[in-house]
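# Structural overview
Residues per chain are reported as follows:
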Amino acid sequence: MAGLLDGKSVLITGGGGGIGRATALACAREGARVAVADVSAEAARETVAQVNSAGGQAISFSGDVTHDTDVRAMVEGVVGAYGRLDCAFNNAGIAGWQVEAAGKKTAEWSEEAFDRMIAVNLKGVWLCMRHELPQMQAQGGGSIVNTGSIAGLVGLPTSSAYVAAKHGVLGLTKTAAIEYAEAHIRVNAVCPGYIKTRMTEETMRRRGEAILAQVPFHRMGSPNEIAEMVVWLCSDRASYVSGAAYNVDGGWMAI
Ligand SMILES: NC(=O)c1ccc[n+]([C@@H]2O[C@H](COP(=O)([O-])OP(=O)(O)OC[C@H]3O[C@@H](n4cnc5c(N)ncnc54)[C@H](O)[C@@H]3O)[C@@H](O)[C@H]2O)c1
């Protein structure tokens, strides 16, 4: 049976981590040639090893999405290796605890933490699109999926700059979707709820019970459950879908 992404080349940032790695494996399973990019070269290589041992095709890049030159190199690298860039999953991101802002209310965030959060989670997505869009335009189309969050839809106490960045990602997504519709580029976002990855380990240890009490499914999502949505958005099955943000959150946002 044909795969949903047969013959497509896909770039995944943050591909060394939970959601990115699961998506790399899912895209490869569906027939895509995958490029895994991560600030951790080792993590990216591990994802590639997993894809290859599952019978897929992948290459890795190390780079920081906050550096324009790194992002340019990732996009040029994929095109050099696979000849084109059909799909991009702009997914690299960090949480508050990674900038020492865990538990801090809006006025308590340091300027450094705020700037770093915006740089990775918002500017990083823009830098990726800045290089992906012209490439896709030149080749006649493509599909971009940005990782938003339920934090891009509602406020979450003690997650100030994270929430601001993710709201921004949805704004970038909608704007690019309109601007590049005529270039046959679809731009969408996926908005995960609480997903079992390294990012959420500490928060779930501290207040997992209270969080899951609010989620209608009363459980965390798996990275795979996000990957399924990304695969579909990347695929031609989603040919009339652009500028949308899809929640994958166990029903949380329906409350
Ligand atoms: N886990 C959740 O519950 C959840 C919920 C909503 C949204 N998200 C979003 O999903 C995305 C993936 O998160 P995850 O849960 O898989 O976390 P994760 O920590 O497992 O993976 C994130 C990956 O991004 C990489 N990364 C971090 N900064 C980078 C940079 N500057 N340049 C390149 N790579 C970088 C990390 O090395 C890591 O491999 C993030 O954008 C996150 O905000 C996660």
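A brief report on the enclosed structure follows. Remember, predicted model here, so these are calculated numbers, not experimental data.

About the cut-offs
- Residues numbered from 1 in each chain as written.
- Predicted model: local features only at pLDDT ≥ 70, side-chain atom pairs only at ≥ 80, totals over all residues.
- Near = placed C-beta within 6 Å.
- Helix = DSSP H or I, 4+ residues; strand = E, 2+ residues; numbered from the N terminus.
- Nonpolar A, V, L, I, M, F, W, Y, C, P; charged D, E, K, R; others polar.
- Expected span 1.5 Å × (residues − 1).
- Buried ≥ 20, exposed ≤ 12 C-beta atoms within 10 Å, placed from the backbone.
- Arc of directions from axis to C-beta.
- Contact = placed C-beta atoms within 7 Å.
- Pairing = 2+ DSSP bridges.
- Axes fitted to C-alpha atoms, helices over the stretch in contact; angles between N-to-C directions.
- Parallel < 35°, antiparallel > 145°, perpendicular 65-115°, else oblique.
- Left-handed = near helix turned anticlockwise from the far one by under 90°.

### Details of the site of the ligand
Neighbouring the ligand are 29 residues; Gly 14, Gly 17, Gly 18, Gly 93 and Thr 197 lie closest to it. Those elements that place two or more of their residues in the shell around the ligand are helix H1 (18–29), helix H4 (111–139) and helix H6 (198–214). Considering only residue class, the shell around the ligand consists of 11 nonpolar, 15 polar and three charged.

### Considering helix H2 (residues 41–53)
With 13 residues, H2 ought to run about 18 Å at 1.5 Å a step, and its terminal C-alpha atoms sit 18 Å apart, in line with that. Buried within H2 are the following residues: Ala 43, Ala 44, Thr 47, Val 48 and Val 51. One side of H2 holds all its buried residues, which, seen down the axis, span an arc of 140°. Within H2, the exposed residues directed more than 90 degrees away from the buried face are Glu 42, Ala 49 and Ser 53. Those residues of H2 that are buried are in contact with H1, strand E2 (33–38) and strand E3 (57–62).

### Examining the sheet that holds E3
Spatial strand order, E3-E2-E1-E4-E5-E6-E7: seven strands in an open sheet with parallel pairing. A single partner strand is all that each edge strand has here, and the edge strands are E3 and strand E7 (245–248). The average angle at which neighbouring strand axes cross in this sheet is 20°, direction not considered. As paired elements, strand E5 (residues 142–147) and strand E6 (residues 185–192) share six bridges and run parallel to each other. Bridging across to E6, Gly 142 finds its partner in Ile 185. Running at roughly 180° to E3, H2 makes contact with E2 and E3 of the sheet.

### Quick notes on the packing of H4 against helix H5 (residues 160–179)
Direction vectors running N to C along H4 and H5 enclose 15°, while the axes themselves pass 8 Å from each other. By the angle between their directions, the pair H4 and H5 is classed as roughly parallel. Between H4 and H5 lies a crossing whose hand is right-handed. Here H4 contributes Ala 113, Phe 114, Met 117, Ile 118, Asn 121, Leu 122, Val 125, Trp 126, Met 129 and Leu 133 to the contact with H5, which in turn contributes Ala 161, Tyr 162, Ala 165, Lys 166, Gly 168, Val 169, Leu 172 and Ala 176. Looking at the contact of H4 with H5 residue by residue, the classes come out as 15 nonpolar, two polar and one charged.

### Quick look at the pairing of E6
The buried fraction of E6 is high, at eight of eight residues. Side chains of E6 alternate between two faces, with Ile 185, Val 187, Ala 189 and Cys 191 and Arg 186, Asn 188, Val 190 and Pro 192 buried alike. Two elements, E6 and E7, share four bridges in a ladder whose sense is parallel. Its bridge partner being in E7, Val 190 is matched across the sheet by Tyr 246.

### Considerations on the packing of helix H3 (residues 68–82) against H4
Remark: H3 packs on H4, axes separated minimally by 9 Å, with the N-to-C direction vectors making an angle of 35°. Here H3 runs over H4; the crossing is right-handed. Of the residues in H4, those touching H3 at Asp 68, Val 71, Arg 72, Val 75 and Val 79 are Leu 127, Cys 128, His 131, Glu 132 and Gln 135. Within the contact of H3 with H4, the residues separate by chemical class into five nonpolar, two polar and three charged.

### Details of H3
For H3, built from 15 residues, the straight-helix expectation of 21 Å at 1.5 Å per residue is met to within 8% by its first-to-last C-alpha distance of 21 Å. Residues Val 71, Met 74, Val 75, Val 78 and Tyr 82 constitute the buried set of H3. Within H3, the buried residues cover an arc of 90° as seen down the axis, which keeps them to one side. Counted as exposed and oriented over 90 degrees from the buried face of H3: Thr 69 and Gly 80. Check the buried side of H3 and you find it contacts strand E1 (9–13), E2, E3 and H4.

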